[in-house]
Amino acid sequence: MSITVIGDNILHYEVTGRGSPVIFIHGWLGSWRYWWPTMQVLSSHSRTFAFDLWGYGDSSKNPEKYSFTSYVELLDEFVNQLGITQPVTLIGHALGAAISTRFARLRPDLVEGIVNVALPVTGHSINTSLTNGKATNFMGKYLQKSKSYSPVSQELSKTDSAAVLSVAEQLSFYDFKDDLLALDCPVLVVFGEHDTIVRNSTKLYKNIWQEDVNRYVIVLEDSDHFPMLEQPAVFNRLIQDFTVGDGQKTIAPKQYWHRRTR
């Protein structure tokens, strides 16, 4: 367990491996912990980092920091605090994907590529149970459905529900289509076909995608909201294919567009 101090707040993070830097950012009611298996897979060729957002895991619980803007700033502060000078690959899930997308638009010089898992492209994509004050109860029931969610449910008691509600409400008014269109770096989008927390569709991405850039959309037909836990072998292979080299050697847009992967 590693910690750093940013301002008056404690930030918990974990790091493993050697090579090009990869930063993992968790989503609602999660923590760094569910990224650990993927971090280990990538550790043979990447220096992998994951941290707990304000209000989550073992980082400080400070309501003044519970905003989407603060979380984007936190990613910038984390990169500076740890002295990461090489452009990074960002792997974000749900809220974390939104943070990665906005950060990449604001600081393109610091981003090598992005993996967006369950990105809420528009606010309408987010399940209203996350924005109506019942997020903890909703996720508690949701996580009971499968033992595969144990890395998430173990951290549930550490999550400040105010952090979930505040930022979910804020993101319900956001639209990331312009951010996606503005990105020049490679982008891999992954979402579960049966996701009930962030509802996405290939139709949504077709309307905003550009064919002449390095962009890929993968639908995992046997997954819900946590593909890294539900289909770890498939998910980790996709991440490896994207992060090794320049991200273009083993993933081809025409091959993967609309592809549903088991």
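Residues numbered from 1 in each chain as written. Predicted model: local features only at pLDDT ≥ 70, side-chain atom pairs only at ≥ 80, totals over all residues. Heavy atoms only, no water.

Draft legend 1. Highlighting the overall build of the chain. Counting its regular elements, the chain contains 11 helices and 9 strands. Across the 262 residues in the chain, those meeting the buried criterion constitute 57%. Put simply, of all contacts in the chain between residues at least 6 apart along the chain, 78% involve residues at least 24 apart. Accessible area of the chain: about 11100 Å², with a carbon and sulfur share of 46%. (Helix = DSSP H or I, 4+ residues; strand = E, 2+ residues; numbered from the N terminus. Buried < 20%, exposed > 50% of the residue type's maximum accessible area, 1.4 Å probe, protein only. Contact = heavy atoms within 4.5 Å. Areas by Shrake-Rupley, 256 points an atom, 1.4 Å probe, with all protein chains shown as cover.)

Draft legend 2. Molecular detail of the pattern of salt bridges. Within the structure shown, the criterion is met by 9 salt bridges. The residue Glu155 makes a salt bridge to Arg33 at a minimum N-O spacing of 3.1 Å. Separated by 122 residues along the polypeptide, Glu155 in the loop between α5 (150–153) and α6 (161–171) and Arg33 in the loop between β3 (20–25) and α1 (36–42) bring together distant segments of the chain. Residues Asp241 and Arg237 are paired through a salt bridge, measuring 3.0 Å at the closest nitrogen-oxygen approach. Of this pair, Asp241 and Arg237 are both found in helix α10 (residues 232–243), 4 residues apart, which corresponds to roughly one turn of the helix. Among the ionic contacts, a cluster of salt bridges with common partners joins Arg33, Asp58, Glu155 and Lys158. (Salt bridge = Lys/Arg side-chain N within 4 Å of Asp/Glu carboxyl O.)

Draft legend 3. Geometry of the nonpolar core. Membership of the largest hydrophobic core comes to 58 residues, with the highest contact counts inside it found for Ile23, Trp28, Phe51, Tyr71, Leu95 and Tyr205. With 7 residues, the top contributor of residues to this core is helix α2 (residues 68–81). Setting aside residues up to four positions removed in sequence, Leu95 forms contacts with His26, Gly27, Trp28, Leu53, Tyr56, Phe68, Tyr71, Val167 and Leu171. Core analysis: the second largest hydrophobic core is formed by 25 residues, Phe24, Val152, Leu238 and Phe242 among them. (Core = buried A, V, L, I, M, F, W, Y, C linked by side-chain atoms within 4.5 Å.)

Draft legend 4. View of the side chain of His225. On the secondary structure map, His225 appears in the loop between β8 (215–220) and α9 (227–230). On the accessibility criterion, His225 (2% relative accessible area) is buried. Polar contacts involving the side chain of His225 include one to the side chain of Asp195, which spans 2.9 Å. (Polar contact = N/O pair within 3.5 Å; in protein donor to acceptor, adjacent residues only side chain to side chain.)

Draft legend 5. Examining the pairing of strand β2 (residues 9–16) more closely. Burial runs high along β2: 6 of the 8 residues are buried. With 5 bridges connecting them, strand β1 (residues 2–6) and β2 associate as antiparallel partners. By the bridge assignment, Val5 is partnered in β2 with Ile10. Counting the residues that bridge the hairpin from β1 to β2 gives 2 residues, and of these Gly7 lies at a positive phi of roughly 65°. Here β2 runs beside strand β4 (residues 46–51); their pairing, made up of 4 bridges, is antiparallel. By the bridge assignment for β4, Glu14 is matched with Ala50. (Pairing = 2+ DSSP bridges.)

Draft legend 6. Region of the structure containing α10. In this model α10 runs 16 Å from its N-terminal to its C-terminal C-alpha over 12 residues, within 8% of the 16 Å that 1.5 Å per residue would give. By the burial criterion, the buried members of α10 are Phe235, Asn236, Leu238, Ile239, Asp241, Phe242 and Thr243. (Expected span 1.5 Å × (residues − 1).)

Draft legend 7. Local environment of the environment of Val167. Mapped onto the fold, Val167 is located in helix α6. Judged by relative accessible area, Val167 falls into the buried class, the value being 0%. The residues touching Val167, leaving out its near neighbours within four places in the chain, are Tyr66, Ser67, Phe68, Tyr71 and Leu95.

Draft legend 8. Here's a closer look at the packing of aromatic side chains. Enumeration according to the criterion identifies 13 aromatic pairs in this entry. Relative to Trp35, the ring of Tyr34 has its centre 5.3 Å away and its plane inclined at 45°; by these criteria the two rings are tilted. The exposure class of Tyr34 is buried, given its relative accessible area of 1%. Look at Trp35 and you get buried, because its relative accessible area is 0%. Consider the rings of Phe68 and Phe176, whose centres lie 5.8 Å apart with planes at 70°: the pair is edge-to-face. (Phe/Tyr/Trp six-rings, centres within 6.5 Å; stacked < 30°, edge-to-face > 60°.)

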